[in-house]
Amino acid sequence: MNPAPGDTPYADLGPDRILDAVESLGLASDGRVLSLNSYENRVYRIGIEGGPPLVAKFYRPGRWTDAAIAEEHAFSAELLAADLSVVAPIVHRGRTLHPFEGHRFALFPLRGGHAPELGDRAVLTHLGRVLGRMHAVGDGARFHHRGHIGIESHGVAPVDFLLEGGWLPPDLEDNFATLADALLDAMDDAWARAGDVHELRLHGDCHPGNILWREDQAHFVDLDDCLSGPAVQDLWMLAGRREDSATPLRWLLEGYEQFRRFDRRELHLVEVMRTLRLLHYNAWIARRWHDPAFPAAFPWFEAPRHWESVITQMQEQLAALHEPPPDPEAG
């Protein structure tokens, strides 16, 4: 299958063009370009003459509108203004998003650190405090150009895409479709049990890899997936495996509720969010398969064994969705 137009949006983004883009802003690079770990976008460490290195992020064409990226940048700036440690884009010549020869990019300061130790009560309580403050800011306004996390967008749409695109081995399609229907029904029921779910602006992809820990402080990076949704979306990935999540959730909420009340009914959504991530993740890889970076990074994706593993995980999630939610008070 040949790539369609726009499926290889970074084919022309070589080192010279990357440096030309940065230098189009009047900055002098020292010629050093180091590719950083990113698949959805392209991210590079750029050496700058007479100053510290910067990070240049080239946004995937066609994914976000300029208005949606502007909301990401504005949200980062709000969080920074509230004394929250996020890596926000640099304002250069009065703007944060810069066009260059068909690409759009932003510059960020380079920050170091390591993933937080999620088994440590003090670390999780600190992360809870930061997220409570972040959500207090996030609840102060609304996104108008970014998405929502929900069963339709992150469940129904991915399932339809995978089935209609023939991504499943033929002998597994029926099993996948049957399980997907059961999961969607179970997620609808769990969402109903959560009641009238309140949405706010979220980090959206709050896993340990997007948190830099240094000097006993958490520094949040990569708001590229910021979106609207329930507060629990930014908490559940930090609580670890379902069977071990009660105690980590208690520690997170100890810190969180110093700054913002958490509606315990949202705990009914923990396994919903875990299931949506599973479905969305696989559809995301499939949607990007024509980008040469994806087959190189995920060579196992088309193998039957991978899809057998996905079906096993779906079965586990179906069972989890019929179990009581985690109880932090019992942790």
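Treat the numbers as computed from the prediction; the structure is a model and nothing was measured. (Residues numbered from 1 in each chain as written. Predicted model: local features only at pLDDT ≥ 70, side-chain atom pairs only at ≥ 80, totals over all residues. Heavy atoms only, no water.)

So, unusual backbone geometry
Rule in force here: The secondary structure listing takes helices from DSSP runs of H or I that are at least 4 residues long and strands from runs of E that are at least 2 residues long, numbered from the N terminus.
Within the chain, R93 stands out as a residue other than glycine whose phi angle is a positive 55°. Inspection of the secondary structure puts R93 in the loop between α2 (66-81) and β4 (98-100). Even without being a glycine, E215 presents a positive backbone phi close to 55°. You can see E215 is positioned in the loop between β7 (211-214) and β8 (217-220).

Notes on the environment of G31
Where we set the bar: Any residue under 20% of the maximum accessible area for its type is buried, any over 50% is exposed, and the rest in between are partly exposed; the area is computed with a 1.4 Å probe on protein chains only.
As for its position among the elements, G31 is in strand β1 (residues 29-35). Residue class for G31 comes out partly exposed when judged on its relative accessible area of 45%. Along the sequence, G31 and L19 sit 12 residues apart, while their C-alpha atoms lie 7.2 Å from each other.

Let's talk about the pattern of salt bridges
Two side chains that carry opposite charge are able to pair once their charged atoms sit near each other. For clarity, the cut-off: Throughout this description, the term salt bridge denotes a Lys or Arg side-chain nitrogen within 4 Å of a carboxyl oxygen of Asp or Glu.
Here the structure, examined in full by the defined rule, presents 26 salt bridges. In this structure, the salt-bridge partner of R63 is D224, at a minimum N-O distance of 2.3 Å. Of this pair, R63 sits in the loop between β3 (54-58) and α2 while D224 sits in the loop between β8 and β9 (227-229); the two residues are 161 residues apart in sequence, bridging distant segments of the chain. The class of R63 is partly exposed, set by a relative accessible area of 26%. Between R265 and D263 there is a salt bridge whose closest N-O contact spans 2.9 Å. The exposure class assigned to R265 is partly exposed, which follows from its relative accessible area of 40%. Residue class for D263 comes out buried when judged on its relative accessible area of 18%. Sharing partners across several salt bridges, the network here consists of E40, R42, K57, R60, R63, E72, D224, D225, R288 and D291.

Points about the sheet that holds strand β5 (residues 103-109)
To be explicit about the condition: For two strands to pair, DSSP has to find at least two bridges joining them. Inter-axis angles, ranging from 0 to 180 degrees, are taken between N-to-C directions of lines fitted to C-alpha atoms, where helices are fitted over the stretch in contact.
Read across the sheet, 5 strands follow the order β1-β2-β3-β5-β4 without closing on themselves; strand pairing throughout is antiparallel. On the outer flanks of this sheet lie β1 and β4, each paired with one strand and no other. Across this sheet, the average inter-strand angle for adjacent strands is 35°, counted without regard to direction. Of the pairings in the sheet, the one linking β3 to β5 comprises 5 bridges and is antiparallel in character.

Quick notes on the packing of helix α5 (residues 170-193) against helix α9 (residues 304-321)
The following threshold applies: Roughly parallel means an angle under 35 degrees; roughly antiparallel means over 145; roughly perpendicular covers 65 to 115; every other angle is labelled oblique. Here is the rule for handedness: rotate from the far helix to the near one, and if that takes an anticlockwise turn smaller than a right angle the crossing is left-handed, while a clockwise turn gives right-handed. Contact criterion: two residues are considered in contact whenever any of their non-hydrogen atoms come within 4.5 Å of each other. Under the convention adopted here, Pro, Cys and the residues Ala, Val, Leu, Ile, Met, Phe, Trp and Tyr are nonpolar, Asp, Glu, Lys and Arg are charged, and Gly plus all remaining residues are polar.
Here α5 crosses α9 at 30°, and the two axes come no closer than 9 Å. Classified by the interaxial angle, the pair formed by α5 and α9 is roughly parallel. Where α5 crosses over α9, the handedness of that crossing is left-handed. Residues L172, N175, F176, L179, A180, A182, L183, A186, M187, A190 and R193 of α5 form the contact with α9, whose participating residues are P304, W307, E308, V310, I311, M314, Q315, Q317, L318 and L321. Of the residues in the contact of α5 with α9, the class split is 16 nonpolar, 3 polar and 2 charged.

Keep in mind these numbers describe shape, not what the thing actually does.
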